[in-house]
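Residue strings, one per chain:
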Amino acid sequence: MTRPHLVHPRHVQNMMYIVLSLMAAVVVLPVLGLLAYMMIKGLAGLNPDLFLKGSQALLPAMVGTLYLVLLTAAIAAPIGIAAAVYLSEYAHRGILVRLIRLAIINLAGVPSVVHGLFGLALFVMMLKFGRCLLSGAATMALLVLPLIISASEEALRQVPQRLRDGSLALGATRWQTIRRVVLPNALPGIMTGLILSISRAAGETAPILFTAAFLSLTNPYPESLFDEILALPYQLFVMTSEMPSVPAETKWATAFVLVVLVLGLNIGAILWRTHLRRAKRW
Amino acid sequence: MSALPSAVGRTLTQTGEDGSQSAGQSVAEEAFLPTCEEVPCAPNILRPEGEIKLEARSLNMYYGSFQALRNVSMAIPERRITALIGPSGCGKSSFLRCFNRMNDMIDGFRLEGDVLLEGNDIYRRDLDLAYLRKRVGMVFQAPNPFPMSIYDNIAYGPRLHGRPDRSELDQIVEQSLRQAALWDEVKDKLRQSALGLSGGQQQRLCIARVLAVQPEVLLMDEPASALDPTATFHIEELMLQLMEHYTIVIVTHNMYQASRVSQYTGFFLMGELVEFGHTEQIFETPRDKRTDDYIRGRFG
Amino acid sequence: MLRTRQAFDEQLEQLQQRLLQFGTFVEAMVDKAIRALTYQDLNLAREVIAEDDTADHMDVEIEQMCMHLIAQQQPMGSDLRVIGSTMKVIADVERIADYAVDIARIAIALADTEYFKPLVDIPRMAELVRHMLRRGLEALIKRDMDMTREIIEMDDEVDALWRKLRAQLEDIMQERPLVVPQAVYLLLVARYLERIGDHVENIAERVAYVETGQLTNLAPTHRTDYQPESFNGAPGRAIQHDEGKPSGGW
């Protein structure tokens, strides 16, 4: 005998829909709340003076962060993408590959402050780069490398195997196949991964704490790789932890600018991905 | 055909990218291959008359510990259509992929025996894999045009193998599309994405893409299984036209297709070539009971 | 283990049963025609002529069954051979029905004639070809090649009787010009029975084809001793039959 449902499946369906959408909303709320809170608190401090005037002006710090982020990308992207291509296209399952993957996972798990200390030891002290843009970017590159590798690997995996087969069967070498078919089609995914990694780099403080960032500089805009820089997250960090004299709204305004910068990068990446996905479909 | 310098009875383990092989070779270089008379042939395996384009001799293939092919010997005649039929997992696709070495990349792949293209061993050490695949083209089950323009799809192969100039390329593109009976349908939209074509058109594009590198052999792995009946008949008609210039080997689940297009048919079962003969003979008067059961649909 | 194509198997079985029914029906026609001739029974003869329509219907029906099976099931291998052979065999059986009708017509023509001697060898020949027909269809359905050998032996006997009758009738026609019309008719009957035997032999040849796929002429030599220009066209085909067929005027 089949017994009837206690509650009709349609009602269960409706209930679950409501419960699940509420839970999803819970995730969104803190983000929106945080943004709103920062905006309200910092609104008074948000003015042109904040960006241009005084020793804590934001513009040089933003420029410093921009340089840092670009150099990080320039270092991490080629290495990361190359590693991803090796892992996904060339490597057979073996001990070496397993070791590499293990290293990547561990690298991703290392706290960022340890990266900072490692960068201090390797780039600043051992290689004698000094506390500078290059040391900071190299340290930051180490931090984001696992992100770039896994995002790129994922993007490469998304390229259908039948496209590779089609190319190989036409007599293409593996490299020709990667260069002409795989990479062009994985590019949207790789680029979004790259931008997301970089937005992470833009917000990090610990890696540049000992390797690159200063609070104030006589020459705030760096002219070479070996110049010291100002950086937005570092500025915020020092401002909030060591400078009680700075008005609260200035701190909130700074935080707001930083968050908007990072979110802007993220949203830009998402929009770009959707655009590219629409252009290339298989 | 008889005196061919090559390696006999060697074992091929992991094969690298450009034909470099790593281990497991018991090579007797410059030894002579046994002639066909010396190779013991099963009674139901026909040796076709005329020129032989491709040949497999005593082929055993393994994926790790799984044996995909068991002592398969088959001679494939030039400028004919040879169909390979059999249930899923019988080894027919694996066998097909031996002829352009598309199995090499699979982990654990191992091959014993010889595969010959016009009498030359294609698993030899110094073989130029790109050149082999240029001569032996392949069309896959699902149409797989590259996400680029129709023109660039066709030009892909020629650009791999050299640097053809613009007018040369234009000519190759037109000729290949004409040969694949697609020119009239796409001549006004060569710059548009190949992904906008219908399934049947995409498959003909893939055939044209292979023809553009001027192969001698076309391997077709269930080329019409993803297509509707009309598109299927297009492909079949095209195959019959192409037969004039190309040696075609087709793997198909559809034995009616095999009976329509091919002159020779081989039936595979659990890695074994059970029967190989003229297509009419296979479908009307198969010699082996297993072949009869399979083609009558009375299997298992 | 799952059995595949059960419905198709049942349809094939049905087809073979229908073929067997057709054979039985035509065999009865031959029997009646010969009895009508022997006992000069006009009613029986007319019955046979009327039954020709039924035989034609059965022929058409079986052919359609075959065509439907081909279209719906796309038979291959031995299934294809069974269906293809059935289509050929029904043509032979239908031809045998035509001969029965021809014999019945002769029976009507000779109903009022007093036979110059009682019919003995003709009924005996008829008995043999009827038996052959029954065994032939049985062999086809059972795919029994041993039975086909039996059929060949019986056909040799039929041929021997035909040669004997022909010689006897020749003598009679030379000696007694008055009975020539009657003798010609009886010669035709004997000839028809001999041809029926050949058609059954065609059926028997199908057994080997269905079973092995080999198309063979079962008795390529045994008729070479008799090749009269006036009668035989291509062996195994009753080309002459159409010309010799008793037409409306009979």
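Look up: the structure comes first, before these words.
Owing to the predicted nature of the structure, the values given are computational and were not obtained by experimental measurement.

Engineer: Explain the overall build of chain C here, please?
Structural biologist: Looking only at helices and strands, chain C features seven helices and zero strands. Shown N-terminal to C-terminal, the secondary structure of chain C runs as helices and strands in the order α-α-α-α-α-α-α. Residues counted as buried form 50% of the 250 residues belonging to chain C. Counting contacts in chain C only where the partners sit at least 6 residues apart, residues at least 24 apart contribute 82% of the total. Split by element, the accessible area of chain C, about 11,900 Å² in all, is 51% carbon and sulfur.

Engineer: What am I meant to see in the pattern of salt bridges here?
Structural biologist: Pairing is possible between side chains that carry opposite charge, provided their charged atoms lie close to one another. Applying the stated criterion across every chain yields a total of 48 salt bridges over all chains. The partner of D79 of chain C in a salt bridge is R298 of chain B, with the nearest N and O atoms 2.6 Å apart. Residue D79 of chain C is located in helix 3 (residues 77–109), and its partner R298 of chain B is located in the segment after helix 10 (289–295); the two belong to separate chains. R298 of chain B carries the same exposure label as D79 of chain C, and that label is buried. Each of the salt bridges in this network shares a partner with another, and the network as a whole consists of K289, D292, D293, R296 and R298 of chain B together with D9 and D79 of chain C.

Engineer: Just to check I follow, could you spell out the interface of chain B and chain C for this structure?
Structural biologist: By a widely used convention, the size of an interface equals the accessible area lost when the partners come together. Listed as interface residues are 14 residues of chain B and, on the opposing side, 17 residues of chain C. Interface of chain B and chain C: buried area, both sides summed, is about 1,200 Å²; carbon and sulfur atoms make up 49% of it. At the boundary of chain B with chain C, the tally comes to three salt bridges. With a closest N to O distance of 2.7 Å, R296 of chain B and D79 of chain C form a salt bridge. Our enumeration of links across chain B and chain C arrives at nine residue pairs in polar contact (both at pLDDT 80 or more).

Engineer: What's the story with the interface of chain A and chain B in this structure? I'm lost.
Structural biologist: At the junction of the two partners, chain A supplies 22 residues and chain B supplies 28 residues. Between chain A and chain B, roughly 2,100 Å² of surface is buried when both sides are summed, and carbon and sulfur atoms account for 59% of that area. Per-residue buried area on chain A facing chain B is highest for A169, L170 and R180 of chain A; these three make up 30% of the total on that side. Joining chain A to chain B, the criterion identifies four residue pairs in polar contact (both at pLDDT 80 or more). Put simply, the parts of the chain that give the side of chain A that touches chain B at least two residues each are helix 7 (161–169) and helix 8 (174–203) of chain A. With seven residues, the single largest contributor to the side of chain A that touches chain B is helix 7 of chain A.

Engineer: Before we go on, may I ask you to explain a nonpolar patch on the surface in this structure?
Structural biologist: Residues L6, V7, V12, M16, V19, L20 and M23 of chain A make up a contiguous nonpolar surface patch of roughly 690 Å² in combined accessible area. Tracing the sequence through the fold places M16 of chain A in helix 1 (residues 9–42).

Engineer: Is there a simple way to explain the pairing of strand 7 (residues 109–117) of chain B in this structure?
Structural biologist: Side chains on a regular strand alternate between the two faces of the sheet. Residues and elements named next belong to chain B. In terms of burial, strand 7 is largely enclosed, as seven of its nine residues are buried. When strand 4 (residues 52–63) meets strand 7, the two strands line up antiparallel, connected through eight bridges. Residue Y63 lies in a different strand from strand 7, and its bridge partner there is F109. Summarising the sheet, strand 7 and strand 8 (residues 120–121) pair through two bridges and their orientation is antiparallel. Within the sheet, the bridge partner assigned to L116 lies in strand 8 and is D121. As consecutive antiparallel partners, strand 7 and strand 8 are separated by two residues, and within that stretch E118 has a phi angle of approximately 50°, a positive value.

Engineer: Would you take a moment to explain the environment of V186 of chain B for this structure?
Structural biologist: Residues and elements named next belong to chain B. Mapped onto the secondary structure, V186 falls in helix 5 (residues 183–186). What makes V186 buried here is its relative accessible area of 0%. In this structure the C-alpha to C-alpha distance between V186 and Q241, which are 55 residues apart in sequence, comes to 20 Å. When sequence neighbours within four positions are dropped, the list of residues in contact with V186 reads I150, L177 and L197.

Engineer: Is there a simple way to explain the sheet that holds strand 6 (residues 81–85) of chain B in this structure?
Structural biologist: Note: strands within a sheet are paired through backbone hydrogen bonds, in either parallel or antiparallel orientation. All names here are of chain B. Pairing is mixed across the open sheet formed by six strands, whose spatial order is 9-10-11-6-12-13. Each end of this open sheet is capped by a strand with a single partner; those strands are strand 9 (136–139) and strand 13 (272–278). Put simply, the sheet's adjacent strands are angled 15° from each other on average, direction ignored. As paired elements, strand 12 (residues 264–269) and strand 13 share six bridges and run antiparallel to each other. Bridged to T265 within strand 13 is G277. The strands that helix 6 (residues 199–211) touches are strand 9 and strand 10 (217–221); relative to strand 9, the one it contacts most, it runs at about 170°.

Engineer: How do you make sense of the packing of aromatic side chains when you look at a structure like this?
Structural biologist: Aromatic rings in a pair are described by how distant their centres are and how their planes are angled relative to each other. Summed over the entire model, instances satisfying the criterion amount to nine aromatic pairs over all chains. With 4.4 Å between their ring centres and 50° between their planes, F146 of chain B and Y156 of chain B make a pair best called tilted. Here F146 of chain B is found in the loop between strand 9 and helix 3 (150–160), whereas its partner Y156 of chain B is found in helix 3, with 10 residues between them in sequence. Since its relative accessible area comes to 4%, Y156 of chain B is described here as buried. Aromatic side chains F267 of chain B and Y294 of chain B sit 5.0 Å apart centroid to centroid with 25° between the ring planes, which places their arrangement in the stacked category. Here F267 of chain B is found in strand 12, whereas its partner Y294 of chain B is found in helix 10, with 27 residues between them in sequence. This pair shows no difference in class: F267 of chain B is buried, exactly as Y294 of chain B is. A connected cluster of aromatic rings, assembled from ring pairs, spans F95, F99 and F268 of chain B. Taking NZ or CZ as reference, R110 of chain B lies 4.2 Å from the ring centre of Y62 of chain B, over its face. Between R206 of chain C and the ring centre of Y209 of chain C, over which it is positioned, the NZ or CZ distance is 5.2 Å.

Engineer: Explain the environment of N217 of chain C to me, please; I cannot follow it from the model alone.
Structural biologist: Mapped onto the fold, N217 of chain C is located in the loop between helix 6 (180–212) and helix 7 (239–244). Overall, N217 of chain C belongs to the partly exposed group, its relative accessible area being 48%.

Reading guide: rules and limits
- Residues numbered from 1 in each chain as written.
- Chains lettered and ligands numbered in written order.
- Predicted model: local features only at pLDDT ≥ 70, side-chain atom pairs only at ≥ 80, totals over all residues.
- Heavy atoms only, no water.
- Helix = DSSP H or I, 4+ residues; strand = E, 2+ residues; numbered from the N terminus.
- Buried < 20%, exposed > 50% of the residue type's maximum accessible area, 1.4 Å probe, protein only.
- Contact = heavy atoms within 4.5 Å.
- Areas by Shrake-Rupley, 256 points an atom, 1.4 Å probe, with all protein chains shown as cover.
- Salt bridge = Lys/Arg side-chain N within 4 Å of Asp/Glu carboxyl O.
- Buried area = accessible area lost by both parts, 1.4 Å probe.
- Polar contact = N/O pair within 3.5 Å; in protein donor to acceptor, adjacent residues only side chain to side chain.
- Patch = residues over 30% accessible without salt bridge, like charges linked within 9 Å, V, L, I, M, F, W, Y side chains within 5 Å.
- Pairing = 2+ DSSP bridges.
- Axes fitted to C-alpha atoms, helices over the stretch in contact; angles between N-to-C directions.
- Phe/Tyr/Trp six-rings, centres within 6.5 Å; stacked < 30°, edge-to-face > 60°.
- Lys NZ or Arg CZ within 6 Å of the ring centre and 35° of its normal.

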